[in-house]
Amino acid sequence: DSPKFEEELLRKIAEHPCYDRKAQHKYGRIHLAVAPSCNIQCNFCVREFDCVNESRPGVTSKVLTPQEALEKTKQVIADYPFIKVVGIAGPGDPLANKETFETFELIKKEFPDLTLCMSTNGLLLPEKLEDILRVGVSTLTVTINAIDPEIQAKIVDHIIYHGKIYRGIEGAKIQVKNQLEGVKAAIDAGIVVKVNTVLIPGINDKHVVEIARKLNELGVYIMNIMPLISQGAFANIEPPTAEERKVAQQACEPYVLQMRHCRQCRADAYGLLAQDMSQMSEKRRKLIKI
Ligand code: CLF
Ligand code: SF4
């Protein structure tokens, strides 16, 4: 709680392209796709794609080893010094992969000034918080699509927790509890938390304000309401219209700051948010040997 710590966090927010709308045109992020495994099954997820809680479907990002991820970061940062954030967001759940922590340790040693960011489904957040803090993550995204287990049970088919499969409401109760406890503990420990909520018409669209109220209570910094990408078990649910999304954001805004510039990045995206350089020309890729 020292003033210096506060000052440092404010700087990190001001230089984070997802946390500060103004930063998106000035500062970039690099995602390192080192985390292929996932411990839950969301009904909108098709695992040939990156985790849809923080990305859009495409081809799954190529998984890198921690060492390869460090090399890639060195090359990219040399070319794009405006990148201030190193994030791990998949292709699966970062907390379900030990490589996530190995990678952050390597990055922190080499680039102590960069902000370390992570996006997770939150199932393992309470038990992994100590590791998250140890490796120096300061901005954390948790995808919370419901705080009511009855609704959550419609969104996630099952979870795998401590080696056991829990389906439906039983799994939903464990996940929601861990997400909320984990978010609270992370904020208490000084991490700046963002929450992603996938807006699913007919499932959680009437529930998002209740989520926002809870986020306010917990001290979440910013909420990102993302449109459903209709696939998997939810292939028949129409995604929300831009207008429906806007209405949801407006309803939540009194409780928690709204992010409206999300690009649903790939797990291996880098550069400015507006220019997903992982999808740039082959020529350019070859040039920087990625
Ligand atoms: Fe990546 Fe996510 Fe960190 Fe940003 S993305 S882990 S908070 S550095 Fe940003 Fe991309 Fe939207 Fe994510 S625009 S998908 S919100
Ligand atoms: Fe898929 Fe991400 Fe859900 Fe895991 S957390 S099932 S990778 S959308």
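Every chain is numbered independently, its residues counted from 1 as its sequence is written. Whichever chain is written first is A, and whichever ligand is written first is 1; the rest continue in order. The model is predicted, so local features are restricted to residues of pLDDT at least 70 and side-chain atom pairs to those at 80 or more, both for listing and for counting; the totals for chains, interfaces and linings are taken over all residues. Neither water nor hydrogens contribute to the side-chain values; these are computed over all heavy atoms in the structure.

(A) Region of the structure containing the pairing of strand 7 (residues 164-167). At least two bridges found by DSSP between two strands are what make those strands a pair. Going along the chain from the N terminus, every DSSP run of H or I of four or more residues is numbered as a helix, and every run of E of two or more is numbered as a strand. In this sheet, strand 7 lies alongside strand 6 (residues 156-161) in antiparallel orientation, the contact comprising four bridges. Following the sheet pairing, I159 is matched in strand 7 by Y166. Count of turn residues in the strand 6/strand 7 antiparallel hairpin: two residues, of which H162 carries a positive phi of about 50°.

(B) A look at the sheet that holds strand 11 (residues 270-271). With mixed pairing, the eight strands of this open sheet are ordered in space as 10-9-8-5-4-3-1-11. Of all strands in the sheet, those bounded by a partner on one side alone are strand 10 (258-259) and strand 11. Here strand 9 (residues 222-227) runs beside strand 10; their pairing, made up of two bridges, is parallel. Paired with N224 across the two strands is M259, which belongs to strand 10.

(C) Local environment of helix 7 (residues 208-218). Within helix 7 the residues assigned to the buried category are V208, V209, I211, A212, L215 and L218. Where helix 7 is buried, its residues touch helix 6 (168-188), strand 8 (192-199), strand 9 and helix 8 (242-252). Residue G219 follows helix 7 closely and has a positive phi angle near 90°. Exposed residues in this analysis have more than 50% of their type's maximum accessible area, buried residues have under 20%, and partly exposed residues fall in between, with area computed by a 1.4 Å probe over protein chains only. We call two residues in contact whenever any of their non-hydrogen atoms come within 4.5 Å of each other.

(D) Main features of unusual backbone geometry. Along the chain, G90 connects to P91 via a cis peptide bond; the corresponding omega equals 10°. Here P91 shows up in the loop between strand 3 (83-88) and helix 3 (99-110). A positive phi is found at H162, a non-glycine position, where the angle reads about 50°. Locating H162 in the fold gives a position in the loop between strand 6 and strand 7. The phi angle at Q264 is positive, at roughly 45°, despite the residue not being glycine. On the secondary structure map, Q264 appears in the loop between strand 10 and strand 11.

(E) The site of ligand 2, seen in detail. Residues in contact with ligand 2, as listed here, are C38, I40, Q41, C42, F44, C45, R47, C51, V52, N53, P91 and N121. Of the residues that constitute the shell around ligand 2, the class distribution is eight nonpolar, three polar and one charged. Distances are taken per atom, and a residue is near a molecule or strand as soon as one of its heavy atoms is within 4 Å of it. Each residue receives one of three labels: charged for Asp, Glu, Lys and Arg, nonpolar for Ala, Val, Leu, Ile, Met, Phe, Trp, Tyr, Cys and Pro, and polar for the others, Gly being one of them.

Purely spatial values, then, with no claim about function.
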